[in-house]
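Summary of the model geometry
Take a look at the letters that make up each chain.
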Amino acid sequence: MTTPAQTESTEAKEAPSTVVLTDVAAQKVKALIEQEGRDDLRLRVAVQPGGCSGLRYQLFFDERSLDGDVVTDFGGVEVVVDRMSAPYLTGATIDFADRIDAQGFTIDNPNAGNSCACGDSFS
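Below is a short write-up of the structure. Remember, it's a predicted structure, so these values are computed and weren't measured experimentally. (Residues numbered from 1 in each chain as written. Predicted model: local features only at pLDDT ≥ 70, side-chain atom pairs only at ≥ 80, totals over all residues. Heavy atoms only, no water.)

1. Describing the overall build of the chain
Scanning the chain for helices and strands turns up three helices and eight strands. Of the regular secondary structure in the chain, the N- to C-terminal order runs α-β-α-β-β-β-β-α-β-β-β. Burial analysis of the chain (123 residues in total) assigns 32% to the buried set. For the chain, the share of sequence-separated contacts (at least 6 apart) that also reach a separation of at least 24 residues comes to 53%. Counting every atom, the chain has about 7,700 Å² of accessible surface; 49% of that belongs to carbon and sulfur. (Helix = DSSP H or I, 4+ residues; strand = E, 2+ residues; numbered from the N terminus. Buried < 20%, exposed > 50% of the residue type's maximum accessible area, 1.4 Å probe, protein only. Contact = heavy atoms within 4.5 Å. Areas by Shrake-Rupley, 256 points an atom, 1.4 Å probe, with all protein chains shown as cover.)

Printed below as a string of structure tokens:
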């Protein structure tokens, strides 16, 4: 017999990916984690209030597991999105640019109606 709690946890594990991490971004994340010398870190992607457009992205390494997290593996790199940020990030693609005109992680988010010139915030 399956209880409602067991059903919810099974559904959470089978939830579709909210974000896509490109191969280039996955390689960069893997290299950064290796530099940290830890194997328990994952890339956490979140949306927080702030920035000139209303919401801003946060990308950071995290070892925590929070209730409702959506975890997706990209070639050995786990990307974690909390349940509050997931609706804002569904379909977003995270890439890494290392060019003369752009360097760092970029997020292409189809849910962003507007974004600021710096690209760090959206609405």
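2. Quick notes on the sheet that holds strand 7 (residues 103-108)
Ordered by their spatial adjacency, three strands build an open sheet running 1-6-7, and the pairing between neighbours is mixed. Strands at the two margins of the open sheet, each flanked by one partner only, are strand 1 (19-21) and strand 7. Neighbour-to-neighbour, the strand axes of this sheet turn through a mean angle of 25 degrees, independent of strand direction. With six bridges connecting them, strand 6 (residues 92-98) and strand 7 associate as antiparallel partners. Bridge assignment links I94 to a residue of strand 7, and that residue is I107. Contacts between helix 2 (residues 23-36) and the sheet are confined to strand 1, strand 6 and strand 7, with strand 6 contributing the most and set at about 70 degrees to the helix. (Pairing = 2+ DSSP bridges. Axes fitted to C-alpha atoms, helices over the stretch in contact; angles between N-to-C directions.)

3. Some remarks on the pairing of strand 4 (residues 70-74)
Burial along strand 4 is one-sided: the face carrying V70, T72 and F74 is buried and the face carrying V71 and D73 is not. One ladder, built from five bridges, connects strand 4 with strand 5 (residues 77-81); its direction is antiparallel. Each bridged residue has a counterpart across the sheet, and for F74 the counterpart in strand 5 is V77. If you look at the hairpin formed by strand 4 and strand 5, you'll find two residues sitting between the two strands, and G75 has a positive phi there, around 60 degrees.

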